[in-house]
Amino acid sequence: MEERKWPGPKGMIPEPERNAADANMHNRRYLDELLTEMRIIDSFEPDLTLHLFGRTFASPIMMPAFSHLNKVGITGRTPMQEYAAAAKKMNLVNWVGMEPDEEYASIAAEGAETVRIIKPFMDHDEILKQIAFAKSQNAFAVGVDIDHVFGKNGKYDVVDGIQLGPVTLEDLKTYVSAAGDTPFIAKGVLSVQDARKCEQAGCAGIFVSHHHGRLPFGIPPVMALQEIRKAMPDTKMKIFADCSIETGYDAFKALALGADAVSVGRGILPGLLKEGSEGVVVKVTRMNEELSEMMGYTGIGDLSRMDSSVILFHGQHL
Ligand SMILES: Cc1cc2nc3c(=O)[nH]c(=O)nc-3n(C[C@H](O)[C@H](O)[C@H](O)COP(=O)(O)O)c2cc1C
């Protein structure tokens, strides 16, 4: 039998190096095992428009909350600026991870609606300062990646020499209040319990994610997403998801199972690092086409009509 080739882009870990604790492997397998019905009669070309926090975007496929891509690209600009430019050009939501204020400002200056995700620093004042700075730059939303507390040694992680620390429900309430009229998002939710705490804290949204495998044996975010939707059917929080969303077909499955919008992460890296913003535009344009194809074939005319009953797992409706 021919050996199966890992379909992921170059940035992904090749299959032979994978192990069972690697949550990325479980995302991929789970997403690939979700199959769809066809509902073609009375189906027309779908509309991908996303309405989010009072703004309108061209598609529910968003840029990832990346960081540390400081190397200067072929155009003399950083990859962070390059993908922000793609978001602006395509009218997509842009996300930015751990970046110092001045870098964040240069990325936000590309003009896309940008969400700033701040690390869970041990120094809470630093978080509050970065929230205030993001607000001064008209951030679309702000948040904290609450799944980046521990490192591989089981201690509070240290990134770029900066000490990270725990996040409590009370901390979340403080950040929500500091964000004020700017939506606050908790990134890195992977359980109903945490989703309920985020709601209690007043978060405007949660990002269902394990940050490409921070949690060994972590369940696929798309699986957690379904649990959260079932447990909290009336939540007002927006629910985002990522992890191994590499194609518009993956995006469709996450959206059908309850995500309001999704981020493509490492899937944009090959194009981004090779061709800058143009490489990202090519990748996401193709993903939008694939998403549209899936919505068309499943009779889903727009995002408000997403329907989990078109998806089957091992022959069973979910
Ligand atoms: C180079 C790189 C830097 C990242 N930096 C951050 C960060 O600073 N903050 C954050 O919340 N997530 C960060 N992430 C995680 C992504 O936002 C995303 O959650 C993760 O990559 C899962 O998506 P994927 O499987 O499609 O890559 C980073 C990921 C990569 C690859």
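Here, the structure is the one placed above.
Residues numbered from 1 in each chain as written. Predicted model: local features only at pLDDT ≥ 70, side-chain atom pairs only at ≥ 80, totals over all residues.

A. Structural detail: the overall build of the protein. From N to C terminus, the protein includes 10 helices and 15 strands. Computed over the C-alpha atoms, the radius of gyration of the protein is 19 Å, within 12% of the 20 Å expected from 2.2 N^0.38 for a compact globule of 318 residues. Each principal axis of the C-alpha atoms in the protein carries an extent, and together these give about 55 × 45 × 45 Å. In the protein, buried positions account for 46% of the 318 residues. Sequence separation of 24 or more characterises 67% of the internal contacts of the protein that already satisfy a separation of 6 or more. (Helix = DSSP H or I, 4+ residues; strand = E, 2+ residues; numbered from the N terminus. Rg over C-alpha atoms; globule rule 2.2 N^0.38 Å. Buried ≥ 20, exposed ≤ 12 C-beta atoms within 10 Å, placed from the backbone. Contact = placed C-beta atoms within 7 Å.)

B. View of the sheet that holds strand 4 (residues 61–62). The sheet built from 8 strands is open, its strands ordered 4-13-12-11-10-7-6-5 with parallel pairing. What marks the edges here is a single partner per strand, and that holds for strand 4 and strand 5 (94–96). Here strand 7 (residues 141–145) pairs with strand 10 (residues 184–189) via 4 bridges, running parallel. Its bridge partner lying in strand 10, Val-144 is registered against Ala-186. Across the sheet, helix 5 (residues 169–179) is in contact with strand 7 and strand 10; its angle to strand 10 comes to roughly 145 degrees. (Pairing = 2+ DSSP bridges. Axes fitted to C-alpha atoms, helices over the stretch in contact; angles between N-to-C directions.)

C. Layout of unusual backbone geometry. Its identity is not glycine, yet Asn-138 carries a phi of approximately 60 degrees, on the positive side. Note on placement: Asn-138 falls in the loop between helix 4 (124–136) and strand 7. Of the residues examined, Asn-138 has 10 C-beta atoms within 10 Å and is grouped as exposed. With a phi close to 50 degrees, Asp-160 is a non-glycine residue in the positive phi region. Its location among the elements puts Asp-160 in the loop between strand 8 (158–159) and strand 9 (162–163). On the neighbour-count criterion, Asp-160 (9 C-beta atoms within 10 Å) is exposed.

D. Layout of the packing of helix 2 (residues 79–90) against helix 10 (residues 277–297). Between helix 2 and helix 10, the least distance of the axes is 8 Å, while the angle of their chain directions is 50 degrees. When the axes of helix 2 and helix 10 are compared, the pair comes out oblique. Seen along the crossing, helix 2 lies across helix 10 with a hand that is right-handed. Residues Glu-82, Tyr-83, Ala-85, Ala-86, Lys-89 and Met-90 of helix 2 form the contact with helix 10, whose participating residues are Ser-277, Val-280, Val-281 and Val-284. Residue composition of the contact of helix 2 with helix 10, by class: 7 nonpolar, 1 polar and 2 charged. (Parallel < 35°, antiparallel > 145°, perpendicular 65-115°, else oblique. Left-handed = near helix turned anticlockwise from the far one by under 90°. Nonpolar A, V, L, I, M, F, W, Y, C, P; charged D, E, K, R; others polar.)

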